[in-house]
Each structure stands twice: as structure tokens, then as C-alpha cells.
Amino acid sequence: MDTDLDALLRSLRVWDPEVTRLPAFDPGEAPADPLDLFTAWFAQAVAAGEPEPHTMSLATADAGGDPDVRVVMLHGADARGWAFATHAGSRKGRQLAARPHAALLFYWPVLGRQVRVRGPVATAPRAEARTDLHARSTGALAAALTGAQSEVLGSLGELDRASAAAWQRAKAAPDTDAPSWTLYRLRPDEVEFFQGDARRRHVRLRYRARAAQGGREEREGREERGWVRELLWP
């Protein structure tokens, strides 16, 4: 196939008004906690018909500092952090074991919005990982039971056989555990909200975490966090 990539790229439009509605965003009205704004934006992305708004890019780095990125699914977000899951032995699982920090990116082009999240990552208790796995579909369980994620595959036939066996097992015993399935939570140090603007006056609002100083929480060894909000040049 003979394709002129440059010509194809020049033909594309960013935020085509026929399919994109760029809402107004007043950062002065943003809530004190970024999780509240994320929840509102996520609900608006769903209402706007954004395909798969719960998918996000996950960036990690290996032991040598070389970056990696892939698309994964958000499994939840609360005061404990933004949650996702994978096999502990996968490439991203190994990278998180070596360097337990990551960044997330949500992109909702229907609204011209991005949300960037970054911070340290911790594994959830094993019981929570099992609950997370069994709350998902039969196909998700079958994929987890297939295992060997990121390892070299000899042939597609080998994958077909392993997947068929995993599907059969998942249907026959839906409570089957996948021991390597791990639930991770990223507890953000920074969360940035980006609202696109047709005149390229994009609005960027960053939340930076700060720990409370002194007080009973600190004396008892607990950390209570607040947030600094600041605008960024686009």
C-alpha cells in the first residue's frame, strides 16, 4: 500500500467542530481536591459519548531509566489512589517492582480534555486483587488465567490453545484465582487538568500535593494531604 503519510497528517483536523464540543472551564470554580474534579470530568466524558473513557496511558520506567508506555484500564479512583491491574511478572509489573513510580494520561478528544496523574505506586492487598479480578468479565478472567504476559510467544497457535483452555476454566470455575494478578494504586503527587480551546488558549490547572504541617495527624504518624492549585502556560 502506497500511503503519503505527510499528506495524510496535513489533512487531519484537531477538535473538528462537527464532532467536538469544547466546553468552558473556569479554574476558579475548581474543587479543592483533584479527585472531585476528575470524577466530574469523567462523568461528563461518559455523557458526551467518549469511547472507552476509562482507558488511560500508563507510563513506567525500567531499572535503567528507559521509559515505557501502554494503554490500560482504570479500575477505580478514591482517596487511596488511581487503581489499575496487571500480572506482577509482566513488563510493567517488573518495572513497577524496580521503580515504583508511574504516570497516567487520560485523553477525551470529544471534549478536548486531558488529565495527567503522576506519583508513587503501591500494590494493594492480595484479597483486594482477587476481588478486583472476579468483579470483571469472564473474558478478563480468561485473559488473566492465560498468563505469560510479555513473554516471547512461539506461535499464534500456541496462544489459541492456551486461551481456549483458560476460557474453559474461567467458565467452569469463575472463582478461580490468578496468583500473579496484582492490583496497583498510584497515589498522586501531581494531577493536571487540560481543557483545549479553539483559539489555542488552553487552560491548564495543576494540583500539587502537600503534607499538613504538625498537628495530631503528624504526631500519630499519619499524613493528611492538601493541594496547591496553580495555572500553567499552555
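Residues numbered from 1 in each chain as written. Predicted model: local features only at pLDDT ≥ 70, side-chain atom pairs only at ≥ 80, totals over all residues. Heavy atoms only, no water.

A. Region of interest: the overall build of the protein. Along the protein, the regular secondary structure elements total 7 helices and 10 strands. Counting only C-alpha atoms and orienting by the principal axes, one finds that the protein spans roughly 65 × 55 × 40 Å. In the protein, of all internal contacts separated by at least 6 residues, the share reaching a separation of at least 24 is 66%. Surface exposure of the protein reaches about 14100 Å², of which carbon and sulfur atoms provide 52%. Computed over 32 positive and 32 negative side-chain charges, the separation of the two mean positions in the protein equals 2 Å. (Helix = DSSP H or I, 4+ residues; strand = E, 2+ residues; numbered from the N terminus. Contact = heavy atoms within 4.5 Å. Areas by Shrake-Rupley, 256 points an atom, 1.4 Å probe, with all protein chains shown as cover. Lys, Arg positive; Asp, Glu negative; His and termini not counted. Charge placed at Lys NZ, Arg CZ, Asp CG, Glu CD.)

B. View of the pairing of strand β9 (residues 203-211). Two strands pair when backbone bridges link them, and strand β8 (residues 190-195) and β9 are joined in this way by 6 bridges, in the antiparallel orientation. For phenylalanine 194, the partnering residue across the bridge sits in β9 and is arginine 204. The sheet contact formed by β9 and strand β10 (residues 225-232) spans 8 bridges and is antiparallel. By the bridge assignment, leucine 205 is partnered in β10 with leucine 231. (Pairing = 2+ DSSP bridges.)

C. Focus on unusual backbone geometry. For tryptophan 15, which is not glycine, the phi dihedral falls at a positive 50°. Here tryptophan 15 shows up in the loop between α1 (5-11) and α2 (34-47). Despite not being glycine, arginine 200 has its phi angle at roughly 65°, a positive value. Mapping arginine 200 onto the fold places it in the loop between β8 and β9.

D. A look at the packing of aromatic side chains. The final tally for this structure, using the stated rule, is 11 aromatic pairs. Aromatic pair phenylalanine 106 and tryptophan 108: ring centres 5.8 Å apart, planes at 45°, arrangement tilted. Residues phenylalanine 106 and tryptophan 108 agree in their burial class; the two are buried. Chaining the aromatic ring pairs together yields one cluster made of Phe25, Trp41, Phe193, Tyr207 and Trp227. The ring of tryptophan 41 is capped by arginine 113, whose NZ or CZ atom sits 4.0 Å from the centre of that ring. (Phe/Tyr/Trp six-rings, centres within 6.5 Å; stacked < 30°, edge-to-face > 60°. Buried < 20%, exposed > 50% of the residue type's maximum accessible area, 1.4 Å probe, protein only. Lys NZ or Arg CZ within 6 Å of the ring centre and 35° of its normal.)

E. Layout of a nonpolar patch on the surface. Together, Leu5, Leu8, Leu9 and Leu12 make up an exposed nonpolar region whose accessible area comes to about 410 Å². In this fold, leucine 12 is placed in the loop between α1 and α2. Judged by relative accessible area, leucine 12 falls into the exposed class, the value being 58%. (Patch = residues over 30% accessible without salt bridge, like charges linked within 9 Å, V, L, I, M, F, W, Y side chains within 5 Å. Salt bridge = Lys/Arg side-chain N within 4 Å of Asp/Glu carboxyl O.)

F. Structural detail: the side chain of arginine 70. Relative to the helices and strands, arginine 70 is located in strand β2 (residues 67-73). Despite being buried, arginine 70 has no salt bridge partner; aspartate 68 is the closest side chain of opposite charge, sitting 4.1 Å away. With residues near it in sequence (within four places) discarded, arginine 70 still touches Met56, Ser57, Leu58, Ala59, Thr60, Arg91, Lys92 and Gln95.

G. Expanded view of the pairing of strand β5 (residues 101-108). Residues of β5 alternate between two faces, with Ala102, Leu104, Phe106 and Trp108 buried on one and His101, Ala103, Leu105 and Tyr107 left unburied on the opposite face. One ladder, built from 3 bridges, connects strand β1 (residues 55-61) with β5; its direction is antiparallel. Directly across from serine 57, in β5, lies its bridge partner leucine 105. Of the pairings in the sheet, the one linking β5 to strand β6 (residues 113-123) comprises 8 bridges and is antiparallel in character. Bridge pairing links alanine 103 to arginine 118 in β6. Joining the antiparallel neighbours β5 and β6 is a turn of 4 residues, in which glycine 112 adopts a positive phi near 65°.

Purely geometric numbers; function is a separate question.
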